[in-house]
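Listed here are the chains, written in short residue letters.
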Amino acid sequence: MGDSQQPLHELLSKPLWTKYLESQGRKKWASSQIKNIRCKRILMKRRARLDRSKRPRTTVERKVRILKKLIPDCESMGVEMLFRETADYIMALQMRVKVMQIMVNALSGSDE
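- An unreviewed UniProt entry lists the chain under the name Transcription factor UPBEAT1, with Abeliophyllum distichum as the source organism.
- Taken from UniProt, the Subcellular location (unreviewed entry) comment for the chain reads in full: "Nucleus".

The following block contains the structure:
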């Protein structure tokens, strides 16, 4: 069916690339394929933009971000509070280790 035989509203609703492919006698892509390609491109661009915005500018910022992930409930703290919480967390971990060592010594001493 030639372009001159189609109604005008059908011709105007088709994208230019589809019209070109049809005029060249090539197989046109399904609209779902085109949408998938566009969606993937858009997602890749968004991810790249987000990665750039989240990327720390210095090594100090990168290390602070890593420290925030290591210390529980410190994601939204400032640097000063983060260091205080880190010191408290280290002391709490040291106390846990001492308690476990005492328990191991007490339990291994009672087995003999």
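1. Here's the deal with the overall build of the chain
Stage number 1. Across its full length, the chain holds five helices and zero strands.
Stage number 2. Considering the chain as a whole, with its 112 residues, one finds that 10% of them fall into the buried category.
Stage number 3. Counting only contacts in the chain whose residues sit at least 6 apart along the sequence, the fraction spanning at least 24 positions is 0%.
Stage number 4. Total accessible area on the chain is roughly 10,300 Å²; 59% of this is exposed by carbon and sulfur atoms.

2. Describing the pattern of salt bridges
Stage number 1. Throughout the structure, instances matching the rule amount to one salt bridge.
Stage number 2. Across the pair E80 and R84 runs a salt bridge, and its minimum N-O distance is 2.9 Å. Here the residue E80 and the residue R84 both occupy positions in helix α5 (residues 79-111), the gap between them amounting to four residues, near one helical turn.
Stage number 3. Classification of R84 by relative accessible area gives partly exposed; the value is 48%.

3. Description of the confidence of the model for the chain
Stage number 1. Here the chain shows a mean pLDDT of 77. Residues at 70 or above account for 60%.
Stage number 2. Per-element confidence in the chain is highest for α5, whose mean pLDDT is 91, and lowest for helix α1 (residues 8-13), whose mean pLDDT is 59.

4. Section: the side chain of T86
Stage number 1. Among the structural elements, T86 can be located in helix α5.
Stage number 2. A relative accessible area of 12% means that T86 is categorised as buried.
Stage number 3. T86 has contacts with L67 and I71, leaving out every residue within four places of it along the chain.

5. Some thoughts on a nonpolar patch on the surface
Stage number 1. On the surface, a nonpolar cluster with roughly 290 Å² of combined accessible area is contributed by V99, M103 and L107.
Stage number 2. Here L107 shows up in helix α5.

6. Here's the deal with the nonpolar core
Stage number 1. By size, the foremost hydrophobic cluster in this structure holds five residues: V64, L67, I71, C74 and L82.
Stage number 2. For L82, the contacting residues outside a window of four places in its chain are V64, L67, K68, C74 and M77.

Conventions adopted
Sequence order as written defines the numbering, with residues in each chain counted from 1. Thresholds applied to this predicted model are a pLDDT of at least 70 for local features of residues and 80 or more for the giving and counting of side-chain atom pairs; totals over whole chains, interfaces and linings are not thresholded and use all residues. Side-chain calculation: all heavy atoms of the structure are included, whereas hydrogens and water are not. UniProt positions are given in the numbering used here, feature names are shortened, and annotations may be inferred rather than shown by experiment. The secondary structure listing takes helices from DSSP runs of H or I that are at least 4 residues long and strands from runs of E that are at least 2 residues long, numbered from the N terminus. Throughout this description, buried means an accessible area under 20% of the type-specific maximum (1.4 Å probe, protein chains only), exposed means over 50%, and partly exposed covers the range between. Here, residues are in contact when the closest pair of their heavy atoms is within 4.5 Å. Exposure was quantified through the Shrake-Rupley algorithm and a 1.4 Å probe, taking into account, for residues, occlusion by the shown protein chains and nothing else. Any carboxyl oxygen of Asp or Glu within 4 Å of a side-chain nitrogen of Lys or Arg constitutes a salt bridge here. You can read pLDDT as the predictor saying how much it trusts each residue, on a scale of 0 to 100. A patch consists of residues exposed above 30% relative accessible area that lack any salt bridge, with like charges linked at up to 9 Å and nonpolar side chains (Val, Leu, Ile, Met, Phe, Trp, Tyr) linked at up to 5 Å. For this analysis, a nonpolar core means a set of buried residues of the types Ala, Val, Leu, Ile, Met, Phe, Trp, Tyr and Cys, connected via side-chain atoms within 4.5 Å.

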